[in-house]
Amino acid sequence: ADIPDVVARGKKGTVRSLYECGLSNEMSFWTESQLFMLLLSILVKAATFFFLLVALPAEILDFLPIFLVALSFSWVVVLGYFIAGQNNVFLVLSFLAWPATALLAHYVIGDRFGHPDIWTRMPEYIISMALFLFVLGIAKDLVLITCRGINSLLSCLSRKGDTGRMHECIR
C-alpha cells in the first residue's frame, strides 16, 4: 500500500487492517503535531517514568531485566524474519518470546521469581512488564522526535520533503 493512501484511508476511517489503522494513526500524529507539543509530551512521560522509578519498590524493579532478555530474543527472531524473506513463522516466534519470559525468569533473576511461589510474584511481574513497555514507548518517542527534528532541518535536501521521510521513519 502506498503511504499517502494509507494516511487518507485512516483519516476517512476505511482502513483495511489493524496494522494499517495503527500505521495511519502514528503517521498522522507524528507529522501533524507541533514539535513543541511532542517535546512537552516526552518530558511529561519522562517525569512520570522517574516518579514511578522512585515510587515503585525494588522488588518490582528487580523483574525488569527479564524483559530485556525477552526483547533481545525477540529482536533476534525478527532478524530471522527479515533474513528468511519475511516468513510468518519467525514473526509468530517473535511474539512467543514474551510469554516465555515467565518460564525463563528464574534463570535471569534467580529463585526470587518462584519464592514463595509464582502466583505470589505475578502482580510484581505484571507491574514490571507494564513499566518496561512504558519505557519502550518513551524510547520509540525519543527516536521519532529525533527523526522529526533531523527531517525538519534537512527538508531542503530531499525531493520527498520532511513529511515523506518522516513517514518512512515511522514505517
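First, a word on what this report is: a plain description of the structure on this page.

## Side note on the layout of surface pockets
Phase 1: Here the largest pocket defines a volume of roughly 390 Å³.
Phase 2: Contributing to the lining of the largest pocket are Tyr 19, Gly 22, Leu 23, Glu 26, Lys 140, Val 143, Leu 144, Cys 147, Cys 169, Ile 170 and Arg 171.
Phase 3: Each residue belonging to the lining of the largest pocket can be placed in one class, and the counts come to seven nonpolar, one polar and three charged.
Phase 4: Considered as a void within the structure, the second largest pocket measures approximately 310 Å³ in volume.
Phase 5: In terms of lining residues, the second largest pocket is bounded by Leu 71, Ser 74, Trp 75, Val 78, Tyr 81, Phe 82, Gln 86, Leu 91, Ser 94, Phe 95 and Trp 98.
Phase 6: Contributions of two or more residues to the lining of the second largest pocket are made by helix H5 (64–83) and helix H6 (88–96).
Phase 7: When its residues are assigned to classes, the lining of the second largest pocket shows eight nonpolar, three polar and no charged.

## What to know about the side chain of Ser 33
Phase 1: Mapped onto the elements, Ser 33 comes out in the loop between helix H2 (18–32) and helix H3 (35–55).
Phase 2: From its side chain, Ser 33 meets the backbone oxygen of Phe 29 in a polar contact 2.7 Å long.
Phase 3: Excluding residues that lie within four positions of it along the chain, Ser 33 makes contacts with Ser 28, Leu 38 and Arg 148.

## Considerations on the environment of Trp 30
Phase 1: Here Trp 30 lies in helix H2.
Phase 2: Under the relative-accessibility criterion, Trp 30 is labelled buried at 3%.
Phase 3: In this structure the C-alpha to C-alpha distance between Trp 30 and Thr 48, which are 18 residues apart in sequence, comes to 21 Å.
Phase 4: Residues contacting Trp 30, with those up to four places away along its chain left out, are Leu 38, Lys 140, Asp 141, Leu 144, Ile 145, Arg 148, Met 166 and Ile 170.

## As for the nonpolar core
Phase 1: Leu 23, Met 27, Trp 30, Leu 144, Ile 145, Met 166 and Ile 170 are the most contacted members of the largest nonpolar core, which has 18 residues in total.
Phase 2: Mapped onto this core, the elements with two or more residues apiece are helix H1 (3–12), H2, H3, helix H8 (118–153) and helix H9 (161–170).
Phase 3: With near-sequence residues (within four places) excluded, Met 27 lies in contact with Ile 3, Val 7, His 167, Ile 170 and Arg 171.
Phase 4: In this structure, Ile 66, Phe 67, Phe 113 and Tyr 125 belong to the second largest nonpolar core, which totals nine residues.

Conventions used here
- The written sequence of each chain sets the order in which its residues are numbered from 1.
- Residue-level local features of this predicted model are given only where pLDDT is at least 70; pairs of side-chain atoms are given and counted only at 80 or more, and the full residue set underlies all totals for whole chains, interfaces and linings.
- Hydrogens and water molecules were not included; the side-chain quantities draw on all heavy atoms of the structure.
- We place a 1 Å grid over just the protein atoms. Points where a 1.4 Å probe fits but has no way out form a cavity, open points with protein on both sides within 12 Å along at least 5 of 7 lines form a pocket, and any residue with an atom within 4 Å of a point lines it.
- Grid points are joined across faces, edges and corners, and a volume is the space filled by probe spheres set on the points.
- By the convention adopted, Pro, Cys, Tyr, Trp, Phe, Met, Ile, Leu, Val and Ala count as nonpolar, Lys, Arg, Asp and Glu as charged, and the other residues, Gly among them, as polar.
- Counting from the N terminus, the helices are the DSSP runs of H or I reaching at least four residues and the strands are the DSSP runs of E reaching at least two.
- Here a polar contact is recorded for every N or O atom pair within 3.5 Å, except that within protein the pair must consist of a potential hydrogen donor and a potential acceptor, and residues adjacent in sequence are included only if both atoms are side-chain atoms.
- By definition, residues are in contact when any of their heavy atoms lie within 4.5 Å.
- For the exposure calls, accessible area comes from a 1.4 Å probe over protein chains only, and a residue counts as buried if that area is under 20% of its type's maximum, exposed if over 50%, partly exposed in between.
- The definition of a nonpolar core used throughout is a set of buried Ala, Val, Leu, Ile, Met, Phe, Trp, Tyr and Cys residues joined through side-chain atoms within 4.5 Å.

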